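# Examining the three-dimensional arrangement
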Amino acid sequence: MYTNSEIQAAFDIYCKRTDAVRDILKLAPLNANDINKIVHSGERFMVIEHICQMGMAGIYEDEIRICTELLLQQNPEKPINSDFTEEFASMPLEVERKPFFMVAYSERIFDYVIGHTKLERQLPKARMLSTDKGTLFYLAREEDINRAFHSIDIF
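For every chain, the first residue of the written sequence is number 1, and numbering continues from 1 along that sequence. It should be noted that, the model being predicted, local features are given only for residues of pLDDT at least 70 and side-chain atom pairs only at 80 or more, the latter also being counted only at that level, while totals for whole chains, interfaces and linings use all residues. Note that the side-chain values use all heavy atoms of the structure and ignore hydrogens as well as water.

Paired rings are identified among Phe, Tyr and Trp, the last through its six-membered ring, by centres lying within 6.5 Å, and are further divided according to the angle between planes into stacked (under 30 degrees), edge-to-face (over 60) and tilted (the rest). In this structure the tally under the stated criterion is 5 aromatic pairs. For the ring pair Phe-45 and Tyr-105, a centre distance of 5.2 Å and an interplane angle of 65° mean the geometry is edge-to-face. Residue Phe-45 is found in strand S2 (residues 45-54), and its partner Tyr-105 is found in the loop between strand S4 (100-104) and helix H4 (107-115); the two are separated by 60 residues along the sequence. Connected via pairs of aromatic rings, a cluster forms that spans Tyr-14, Phe-45 and Tyr-105. Numbering of helices and strands runs from the N terminus; a helix is a DSSP stretch of H or I covering at least four residues, while a strand is a stretch of E covering at least two.

What follows is the structure, encoded as structure tokens:
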């Protein structure tokens, strides 16, 4: 199926996108608003990372890092065109118990999350939502962060 080097190459591509978003979000007052996790969810990947902010810097630690290529390597019985979008969108909603910031890297992810959560508040550049289990979180699209988060005034 996929070799370890192919999986690493896929992660390198996905991480270029998540790193760019993280570089912007590190300027937002996440920890000051009790947010210690950033969830990056796309149609082909999901990365959940812990963030500890210190001034203009931050320490990031991956908690979960999965992608389609890795799942197909671990499940060779699955067809090569398997779609894991729902898993990448739903997993954080099911497992996270503390506030987090979620970035949707596709419209399908964004629509899934909106359709499976409750809107608590519409913010200028993000939405505050709650999961079925009552966990509050913020949701924004990748392009909204990359284009509109110049002031990082999301709260």
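Okay, unusual backbone geometry next. A positive phi angle, close to 60°, is found at Asp-34, a residue other than glycine. Within the element layout of this structure, Asp-34 appears in the loop between helix H1 (4-25) and strand S1 (37-41). Overall, the relative accessible area of 57% leaves Asp-34 in the exposed class. Any residue under 20% of the maximum accessible area for its type is buried, any over 50% is exposed, and the rest in between are partly exposed; the area is computed with a 1.4 Å probe on protein chains only.

Along the polypeptide, Thr-68 turns up in helix H2 (residues 68-74). Thr-68 gets classed as buried once you look at its relative accessible area, which sits at 2%. Between two residues, a contact is recorded if the distance between any of their heavy atoms is within 4.5 Å. What Thr-68 contacts, discounting residues up to four positions off in sequence, is Glu-43, Arg-44, Ser-82, Phe-84 and Phe-88.

Below, the discussion takes up H1. For H1, with 22 residues, the first-to-last C-alpha span of 30 Å sits near the 32 Å given by 1.5 Å per residue. At Cys-15, H1 is deflected by roughly 30°, the largest bend along its length. Within the span of H1, buried status applies to Ile-7, Ala-10, Phe-11, Tyr-14, Cys-15, Thr-18, Val-21, Arg-22 and Leu-25. By this rule, a helix spans an expected 1.5 Å times one less than how many residues it contains. The quantity called bend is, for any residue, the angle between two axes fitted respectively to the seven residues ending at it and the seven beginning at it.

A word on the confidence of the model for the protein. For the protein, the average pLDDT comes to 91, and 94% of its residues sit at 70 or higher. By definition, pLDDT measures how confident the predictor is in each residue, and it falls between 0 and 100. Mean pLDDT values for the elements of the protein range from 82 in helix H5 (residues 142-148) up to 98 in H4.

Another point: the environment of Lys-98. The topology assignment puts Lys-98 in the loop between helix H3 (85-95) and S4. Taking relative accessible area as the criterion, Lys-98 reaches 63% and is therefore assigned exposed. With residues near it in sequence (within four places) discarded, Lys-98 still touches Thr-135 and Leu-136.

With that out of the way, let us pick up the side chain of Thr-117. Tracing the backbone shows Thr-117 in the loop between H4 and strand S5 (118-122). Any N or O atom pair separated by 3.5 Å or less is treated as a polar contact, with the protein-specific requirement of one donor-capable and one acceptor-capable atom, and with residues adjacent in sequence counted only for side-chain atom pairs. In this structure the side chain of Thr-117 is engaged in a polar contact, spanning 2.7 Å, whose partner is the backbone oxygen of Val-113. If near-sequence neighbours (up to four positions away) are discounted, Thr-117 is found in contact with Leu-93, Leu-129, Ser-130, Thr-131 and Phe-137.

For patches, a residue must show more than 30% relative accessible area and have no salt bridge; joins then use 9 Å for like charges and 5 Å for nonpolar side chains, namely Val, Leu, Ile, Met, Phe, Trp and Tyr. Surface accessibility in these figures is a Shrake-Rupley result with a 1.4 Å probe; residues are shielded only by whichever protein chains are displayed. Salt bridges are identified by distance alone: a Lys or Arg side-chain nitrogen within 4 Å of an Asp or Glu carboxyl oxygen. Note on charges: Lys and Arg go in the positive column, Asp and Glu in the negative column, and His and the chain ends are not counted at all. The atoms used to mark charge sites are NZ of Lys, CZ of Arg, CG of Asp and CD of Glu. A grouping of Glu-86, Glu-87, Glu-94 and Asp-132 is seen on the molecular surface, where their side chains present a negatively charged patch. Note on Asp-132: relative accessible area 75%, which makes it exposed.

Taken as a whole, this structure holds 12 salt bridges when the rule is applied. Each member of the salt-bridge network shares a partner with another, and the members are Asp-19, Arg-22 and Glu-49.

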